[in-house]
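Structural features, examined
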Amino acid sequence: MTTTMGRLAADPASATWTIGAARVLAGLDRNAVLDARTHLDTHGPLPAADLGRLLGLLDASGLTGRGGAGFPLAAKLRALRGQRPTVVVNGSESEPASVKDRVLLRRTPHLVLDGALAVAVALRGRRVTVAVHDAAAAAAVRTAAAQRPDGNRVRVELVSGGFVAGEARALVRALDGGPALPPGRREHATDHGVLLANAETFAQLAVLIRLGRHRFADTGTRTEPGTTLLTVGGAVGRPGVVELPLGTPLGIVLAAAQAGQPRLVVAGGYHGSWHPAVPAIELSRSGLAAAGGTLGAGVLLVLDDSTCALGELARVTAWLAAESAGQCGPCRFGLPALARDVQALCQGHPGAAEIALRHARAVDGRGACRHPDGTARFVTSALHLLQDETYLHLHHGGCGRPVLGLLPIGGRP
Amino acid sequence: MTLEIDWTRCDGHGLCAALLPDRISRDEWGFPVLHGTKLPPDTAVRRAVAACPALALRLTRT
Ligand code: SF4
Ligand code: SF4
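All values reported here derive from a predicted model rather than from experimental measurement.

Before going further, it helps to examine the overall build of chain A. Across its full length, chain A carries 15 helices and 12 strands. A globule of 413 residues ought to have a C-alpha radius of gyration of about 22 Å, and chain A, at 21 Å, matches this closely. Counting only C-alpha atoms and orienting by the principal axes, one finds that chain A spans roughly 65 × 45 × 35 Å. Relative to its 413 residues, chain A shows a buried fraction of 59%.

Further remarks concern the side chain of A:His133. Residues and elements named next belong to chain A. Mapping His133 onto the fold places it in the loop between strand 3 (128-132) and helix 6 (135-146). On the accessibility criterion, His133 (15% relative accessible area) is buried. Here Ser92 takes part through its backbone oxygen, which lies 3.2 Å from a polar atom of the side chain of His133.

Glancing now at the nonpolar core. What tends to happen in soluble globular proteins is that the nonpolar side chains get buried as a cluster. Residues and elements named next belong to chain A. Counting 62 residues, the largest nonpolar core has Tyr270, Trp274, Leu313, Phe378, Leu386 and Leu407 as the members making the most contacts within it. The greatest single-element share of this core, amounting to 9 residues, is contributed by helix 12 (residues 329-346). Of the domains in this structure, domain 2 (227-303) and domain 3 (309-395) are the two that each give at least three residues to this core. Setting aside residues no more than four positions away along its own chain, Leu313 makes contact with Trp274, Val342, Phe378, Val379, Ala382, Leu383 and Leu386. Leu28, Leu63, Leu117 and Val119 belong to the second-largest nonpolar core, a separate cluster that totals 54 residues.

Further remarks concern helix 5 (residues 109-122) of chain A. Residue and element names in this part refer to chain A. Its 14 residues give helix 5 an end-to-end C-alpha distance of 20 Å, which sits within 8% of 20 Å, the value for a rise of 1.5 Å per residue. In terms of burial, helix 5 is a largely internal element, 13 of the 14 residues being buried. Directly after helix 5, the chain includes Arg124, whose backbone phi takes a positive value near 55°.

Let us look at the interface of chain A and chain B. The interface of chain A with chain B comprises 19 residues on the first partner and 11 residues on the second. Each partner contributes to the roughly 1,200 Å² buried at the junction of chain A and chain B, and carbon and sulfur atoms together form 58% of this total. One can count 2 salt bridges joining chain A with chain B. The residue B:Asp27 makes a salt bridge to A:Arg366 at a minimum N-O spacing of 2.9 Å. In this assembly, chain A and chain B are joined by 4 residue pairs in polar contact (both at pLDDT 80 or more). Of all elements in the fold, only helix 12 and helix 13 (352-363) of chain A reach the threshold of two or more residues within the side of chain A that touches chain B. For the side of chain A that touches chain B, the element with the most residues is helix 12 of chain A, which contributes 5 residues. Taken together, the residues that form the side of chain A that touches chain B break down as 8 nonpolar, 7 polar and 4 charged.

Quick look at the domain arrangement of chain A now. Residue and element names in this part refer to chain A. What the domain assignment reports for chain A is domain 1 (22-216), domain 2 (227-303) and domain 3 (309-395). With centres defined by C-alpha atoms, the gap from domain 2 to domain 3 works out at 22 Å. For the pair domain 2 and domain 3, the summed buried surface comes to about 1,100 Å²; carbon and sulfur atoms form 71% of the total. Of all residues in domain 2, Tyr270, His271 and Trp274 bury the most surface against domain 3, accounting for 63% of the area lost on that side. Joining domain 2 to domain 3, the criterion identifies 1 salt bridge. For the salt bridge of Arg263 with Glu389, the shortest nitrogen-to-oxygen distance reads 2.5 Å. Taken together, the elements giving at least two residues each to the side of domain 2 that touches domain 3 come down to strand 9 (264-267) and strand 10 (273-276).

About the cut-offs
- Residues numbered from 1 in each chain as written.
- Chains lettered and ligands numbered in written order.
- Predicted model: local features only at pLDDT ≥ 70, side-chain atom pairs only at ≥ 80, totals over all residues.
- Heavy atoms only, no water.
- Helix = DSSP H or I, 4+ residues; strand = E, 2+ residues; numbered from the N terminus.
- Rg over C-alpha atoms; globule rule 2.2 N^0.38 Å.
- Buried < 20%, exposed > 50% of the residue type's maximum accessible area, 1.4 Å probe, protein only.
- Polar contact = N/O pair within 3.5 Å; in protein donor to acceptor, adjacent residues only side chain to side chain.
- Core = buried A, V, L, I, M, F, W, Y, C linked by side-chain atoms within 4.5 Å.
- Domains from an automatic or database assignment.
- Contact = heavy atoms within 4.5 Å.
- Expected span 1.5 Å × (residues − 1).
- Buried area = accessible area lost by both parts, 1.4 Å probe.
- Salt bridge = Lys/Arg side-chain N within 4 Å of Asp/Glu carboxyl O.
- Nonpolar A, V, L, I, M, F, W, Y, C, P; charged D, E, K, R; others polar.

Right under this line is the structure:
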């Protein structure tokens, strides 16, 4: 039962590696940062693309947002046609286990700017705002903007890094000078004349514009062409940001990440779900949906037998409860109740699992944002999976394993 | 008609559940639980929407 423990490096300039050919991460094996010249050498010039061509490319590739919600980018462009929107790159990356967007902004900022500026030009928007919550990413984007002729349209904003503050509508409010909180009414960023997508989404668009629809579809699945980025961490020997073809089986990623004896994976981040480490699970939106989960924010965390999975769950649930923005009653009271339930479960209280499942159902869908829904999914999927552990904690006072903290919370750069 | 709750406004003192006991109950923290969101636009529903002191209830045509 000895495995190489690898915690996700606290340094977001952590390793990048690829399965198959690198696209978004191209050049990062040889360069710490792609400046304007190395970017051009690696990717070549960006072909011009008007709105019609962008929509054609996006429709053919079905490119969806890579921040968690998975909304098609083409639909956002159509909603804002003729409105000259501000283009916002969401680089706030509020998932504590995710570093992929920061790695892109710090190490290959021109690729992200290529995609964002292409959208701004096609929609005749005036400005691109890059929202980040760490100074290193801000500096890298500013440096990159200064290196390019169209960089004067780029503005960098440092925003708060809370989990819910990274939600699209909360971010739009914060950029408007309001509170970094989701609004109570159902509305979208597009309602405010803002085209917002996450950093990877724009980088993928820049790849798509260069490759064209056919070459873009050389990898990935028929319905989900191309690659995706995953932040891989937990009980692996080779943590980091990984680019892989959509549809790659989980087993291949686990082997490449040097996971010794993977038993469980958390996919999609802390609004995602727990799964047994079944090698056949396809890492794509549809593959994870078939497994009852989500690709979410592109996070894959591996757990083995070295740690107490219930204890890991309790830590993250407590963190999620603390991240509630406290605006909405069921979230404000329900998530702390849920966190106490999971803690009670760890302590072997009879009936705690049932109460936790009931509280998860009670918060689901009852907030201004998806935080309660995502938290409910995370906890519920874990409780269904961790029945052996639950038994051990109930009847034997625990599973005898320490809580190693393989699921990172806080301590973000 | 669909009944929507603005959760950022609702303070959970339960007037709506008192006015529409067949349609709205309360969770253990006092916040309203709708029994189905599709409602006929009858007077009782409209009255409950108007009575919410936090202006947290909204009827939409869908
Ligand atoms: S649901 Fe929770 S996290 Fe979302 S806005 Fe309401 S209180 Fe904040
Ligand atoms: S009356 Fe309004 S504030 Fe009171 S519980 Fe109902 S919706 Fe919430």
